[in-house]
Amino acid sequence: MSFNLLIVDDEPIICRGLSQTIPWSDYNVNVVAVAYDGQEAMEKIIDHGNIDIIVTDVKMPKIDGLQLAELIYKQYPSVQIIMISGYDEFAYAQKAIKLGVKDYQLKPVNVEELIKKVVNLTQALSKTEEQKTALQHMELMNTIYQQINEFTIESMDNSINHQVKIYPVLSRMNEWAEKTNQLTEYDIHALKTDWKHVIQDIVVKNGYQAVSIFTDENLLLTCIIVEENDLKIDLFTTILHPLIQNDMKFIWSDRIIPLQQLQQQYTILINMLPYLPLNNQSIYCYQTERKGQREFPSLIVEEVLSACFQDSNKVRKLVNTLFTYFQTNEYFLHEVVETCMEIMEEVIYRYKSLFEKEVSQLHPKQLESINLAKHNSYSILQTQFNYALDNVMNSVNVQKVNTTDWIIKRAENYIQTYYTSNIKVIELANVMNISPNYFSSLFKQQTGKTFNEYVNQLRMDKAKQLLAETPYRIHEIAKEVGFQEYKYFVEVFKRFTDITPTNYRKLLATQSKNTDES
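Residues numbered from 1 in each chain as written. Predicted model: local features only at pLDDT ≥ 70, side-chain atom pairs only at ≥ 80, totals over all residues. Heavy atoms only, no water.

Moving on, we get to the pattern of salt bridges. A side chain of one charge can pair with a side chain of the opposite charge when the charged atoms of the two come close. A complete count under the given rule lists six salt bridges for this structure. Between Lys 107 and Asp 9 there is a salt bridge, with the nearest N and O atoms lying 3.2 Å from each other. You can see Lys 107 sitting in the loop between strand S5 (103–106) and helix H5 (111–149) and its partner Asp 9 sitting in the loop between strand S1 (3–8) and helix H1 (12–20), a full 98 residues away along the chain. With relative accessibility at 0%, the residue Asp 9 sits in the buried group. (Salt bridge = Lys/Arg side-chain N within 4 Å of Asp/Glu carboxyl O. Helix = DSSP H or I, 4+ residues; strand = E, 2+ residues; numbered from the N terminus. Buried < 20%, exposed > 50% of the residue type's maximum accessible area, 1.4 Å probe, protein only.)

And the structure:
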């Protein structure tokens with residue numbers, strides 16, 4: 001940090017000596033002007049607009065040093081004054097001190113002493129500036145927290161913030177879960193601190209100031225403080241380009257806003273977060289909607305379900321196909337999680353139905369714990385989904401399950417559920433994910449019946465129950481057990497029982513009467 005010095009003396013030789021013979025730049029001091037009386041000094045202050053220290057004589061025409069000090073004291077109280085004089089009079093020094101003069105030296109000037117005093121003043125000014133900057137930073141931070149969290153923090157000087165305009169930028173680090181999986185809390189804190197400092201340093205190097213806060217585990221809000229309203233997006237692209245190598249992504253809007261409007265703008269930026277995984281760009285600005293409609297990947301999901309308890313390698317390949325579909329069709333990550341949870345629920349339901357047992361460690365909603373700020377990519381979600389499916393398959397212990405028994409058991413459960421509809425071999429084979437011919441052969445081998453025989457036997461058993469327990473007519477019972485044609489129902493019933501449905505009902509009535517009489 002450098003400081004601006006104004007030298008005032010009515011003797012040109014003294015002005016030249018003080019300004020040219022002392023290596024002020026070695027002490028971070030710039031002599032920006034000299035003046036030969038107090039009036040000219042005031043004009044220089046007005047023209048330059050940024051004077052930190054004045055070294056001035058006392059006796060000068062027009063406006064002398066004491067009068068100049070009084071004007072400075074009233075109009076520019078932050079300017080520091082060192083007064084030099086050829087008069088060793090206590091009254092001068094006493095008045096100078098009352099006017100805020102920091103030092104009073106006698107001529108001829110002791111250069112080393114003057115340098116020492118100026119350096120002391122620059123150090124004091126630096127400390128004051130640091131304190132002022134820290135205070136403003138704290139005030140800005142308070143206001144930002146107030147805006148983001150929608151609550152009021154008592155402000156120290158809120159008038160400052162009403163004048164501040166900002167450009168809010170959100171940054172998120174890719175593959176956060178993978179990067180932090182093996183890190184301690186201390187290491188994660190250090191990573192986030194470095195992240196914040198890298199952005200701050202780049203912004204500062206480009207001539208801006210910024211305040212950054214983490215609003216989520218993997219979400220940094222940076223408010224770049226700007227003074228011009230014509231700041232271009234391209235400028236920020238240039239500023240933040242080096243961070244692309246840090247594997248970060250950014251979101252911003254298209255305008256500068258007053259600090260007091262941050263809450264509304266932050267909400268807009270947050271609503272854009274789901275679009276980040278859809279775009280390969282590291283620097284991203286505004287997208288309001290996705291292209292086209294997203295259809296549920298029914299065929300792929302059914303293939304995953306069918307393979308789940310048969311071949312873990314095939315499951316992995318199908319899950320990869322599923323996630324390729326998600327990415328190609330621009331699924332938001334929360335939509336991916338919802339779909340995966342639906343699949344998990346169905347897998348567990350089918351498992352429980354198939355093996356007729358409960359497994360306490362299986363929870364259909366175990367993917368609910370996923371934090372999309374942490375698990376912020378398709379690849380991470382795919383890993384998590386594979387892990388969840390592995391847990392289910394390990395609980396089922398697929399390797400110890402006889403595949404043939406598993407297929408037949410599942411086929412029997414399916415037939416029990418849908419026997420009243422017009423189910424066919426090819427339909428069930430597709431559900432089992434095997435060929436119709438192989439399924440028919442396997443089914444006959446394991447049950448001793450063909451598929452049609454098994455289904456019709458189930459239908460006939462149900463028909464006999466309805467004939468015995470209900471007053472339904474024969475054609476009503478036929479439809480109830482899956483036959484659309486009455487004559488075909490009678491034909492099949494007679495084949496399985498050697499008697500027509502009507503005679504079967506009469507036989508039951510006769511048997512019941514004989515039982516009652518006896």
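On to unusual backbone geometry, then. Negative phi is the rule for most residues except glycine; trans is the rule for most peptide bonds. Omega for the bond connecting Lys 107 with Pro 108 falls within 30 degrees of zero, at -5°, which places this linkage in the cis form. Checked against the element boundaries, Pro 108 lands in the loop between S5 and H5. We note that Glu 175 has phi near 50°; this positive angle belongs to a residue other than glycine. Assignment of secondary structure puts Glu 175 in the loop between strand S6 (165–173) and helix H7 (176–180). At Asp 498, a residue that is not glycine, the phi angle is positive and equals roughly 65°.

Right, let's get into a negative patch on the surface. A surface patch of negative charge is lined by Glu 338, Glu 342, Glu 345 and Glu 368. With relative accessibility at 32%, the residue Glu 345 sits in the partly exposed group. (Patch = residues over 30% accessible without salt bridge, like charges linked within 9 Å, V, L, I, M, F, W, Y side chains within 5 Å. Areas by Shrake-Rupley, 256 points an atom, 1.4 Å probe, with all protein chains shown as cover. Lys, Arg positive; Asp, Glu negative; His and termini not counted. Charge placed at Lys NZ, Arg CZ, Asp CG, Glu CD.)

A few words now on the sheet that holds strand S2 (residues 29–35). In a beta sheet, neighbouring strands pair by backbone hydrogen bonds and run either parallel or antiparallel. Pairing is parallel in the open sheet, where five strands are placed in the order S2-S1-S3-S4-S5. If you trace the sheet from one side to the other, it starts and ends with S2 and S5, each paired once. Strand-to-strand twist of the sheet, defined as the mean angle between neighbouring strand axes without regard to direction, takes the value 20°. Pairing of S1 with S2 involves six bridges; the strand directions are parallel. By the bridge assignment for S2, Leu 6 is matched with Ala 33. With respect to the sheet, H5 is in contact with S1, S2, strand S3 (53–57), strand S4 (80–85) and S5, its orientation differing from that of S4 by roughly 165°. (Pairing = 2+ DSSP bridges. Axes fitted to C-alpha atoms, helices over the stretch in contact; angles between N-to-C directions. Contact = heavy atoms within 4.5 Å.)

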